[in-house]
Amino acid sequence: MDAHANLGAEEALAKIQTLQQQLEKQSTAFDEFQSESRELEQELDREISAKDEEITRLRTRLATVTADNEEWKDKYRRSVEESNTAQTSLQREVDFLRSNFEKFKARARTLEQDNDDLERHQRIADTSMQDLEGRYGKVLERNAVLESELEMKAEMEVEMQRLKDELRDVRDELSIRTSKGRIKKQSSTPEVPPIPSTESLPKQTPPSPRFHARRLSRSSSTGARSTRSQSSVLSDMMQKVKESLTMTLDSDGDADA
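Residues numbered from 1 in each chain as written. Predicted model: local features only at pLDDT ≥ 70, side-chain atom pairs only at ≥ 80, totals over all residues. Heavy atoms only, no water.

1. Notes on the overall build of the protein
For the protein, the count of helices and strands is three helices and zero strands. Overall, the protein shows an N-to-C arrangement of helices and strands of α-α-α. Across the 257 residues of the protein, 9% fall into the buried class. In the protein, the proportion of contacts linking residues at least 24 apart, taken out of those at least 6 apart, comes to 95%. Accessible area of the protein: about 21,300 Å², with a carbon and sulfur share of 54%. (Helix = DSSP H or I, 4+ residues; strand = E, 2+ residues; numbered from the N terminus. Buried < 20%, exposed > 50% of the residue type's maximum accessible area, 1.4 Å probe, protein only. Contact = heavy atoms within 4.5 Å. Areas by Shrake-Rupley, 256 points an atom, 1.4 Å probe, with all protein chains shown as cover.)

2. Considerations on a negative patch on the surface
There is a patch of like negative charges on the surface, built from D31, E32, E36, E39, E43 and E47. In this structure, E32 sits in helix α1 (residues 2-179). For E32, a relative accessible area of 46% puts it in the partly exposed group. (Patch = residues over 30% accessible without salt bridge, like charges linked within 9 Å, V, L, I, M, F, W, Y side chains within 5 Å. Salt bridge = Lys/Arg side-chain N within 4 Å of Asp/Glu carboxyl O. Lys, Arg positive; Asp, Glu negative; His and termini not counted. Charge placed at Lys NZ, Arg CZ, Asp CG, Glu CD.)

3. Points about the pattern of salt bridges
Under the definition given, this model contains nine salt bridges. Between R162 and E159 there is a salt bridge; the shortest N-O distance is 2.2 Å. Here E159 and R162 lie together in helix α1, a separation of three residues that amounts to about one turn. Looking at E159, the relative accessible area reads 23%, which means it is partly exposed. One network of salt bridges, in which partners are shared, links E159, R162 and E166.

4. Thoughts on a nonpolar patch on the surface
On the surface, L40, L44 and I48 cluster together into a nonpolar patch covering about 260 Å² of accessible area. Within the secondary structure, L40 sits in helix α1. For L40, a relative accessible area of 46% puts it in the partly exposed group.

5. Re the packing of aromatic side chains
Each aromatic ring pair is summarised here by two numbers: the centre-to-centre distance and the angle between the ring planes. Throughout the structure, instances matching the rule amount to zero aromatic pairs. Here the basic side chain of K75 rests over the ring of W72, its NZ or CZ set 4.5 Å away from the ring centre. (Phe/Tyr/Trp six-rings, centres within 6.5 Å; stacked < 30°, edge-to-face > 60°. Lys NZ or Arg CZ within 6 Å of the ring centre and 35° of its normal.)

6. Quick notes on the confidence of the model for the protein
Chain-level pLDDT for the protein is 76 on average; 67% of the residues reach the 70-or-more range. Of all helices and strands in the protein, the one with the weakest mean pLDDT is helix α2 (residues 209-217) (44), whereas α1 scores best (87). Ignoring residues within four places in sequence, the model shows residues 185-221, a span with pLDDT below 50, making 34 contacts including any to other chains. (pLDDT = per-residue confidence, 0-100.)

7. Let's talk about the environment of R120
Tracing the sequence through the fold places R120 in helix α1. Judged by its relative accessible area of 36%, R120 falls in the partly exposed class.

This is the structure in structure tokens:
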């Protein structure tokens, strides 16, 4: 029984030693754990402090960013309002310009049509002007012909008057000689051709409009030759009368002698 008691005491002592060893190990581990826990706690405290500082800094930045965001929101709203206002104004201006463009376009078409009409009228006017210039040139030519004929007529009238004056002088001289009885008997004297009176000479009557119409159809050279031929005929006639009278006067002079 004592042996059994001793055996039990030894076992208990062994267990106690074992437990003491385990307790020492656990105590060492606990101390290590406490030491590590304190280090970890300090590290966590440092991290928490750093995080708190970072959170405070981030909150401050968040407040700043929030304020900036609100400011930018206000600016954006104002910008949107201004943009809408400007867009509305630009749209009205675009509508106004488009309306004016359509008006100007229609006006341009109208002006082009008017320009075409003016060009057509200009061409017609140029054609009419050329026709009028041609007619005016013909009228000038006809006027030149008429003026030439009038000048020739005036020269013929002057020549006719001169011939009439010469014929009157010859008749006066012949009348003076016959009044003095210096003419022989009619049988012995050469026959004196009758002296044409001024009334018997061809009269130059003013040409009628029909005559002018016929003469204008001829050339100016033909009219001038015709007028000169009439003047030549009158001059030849008066020259023959003067020669006949001269011969009569000469024969009377010979008889008196």
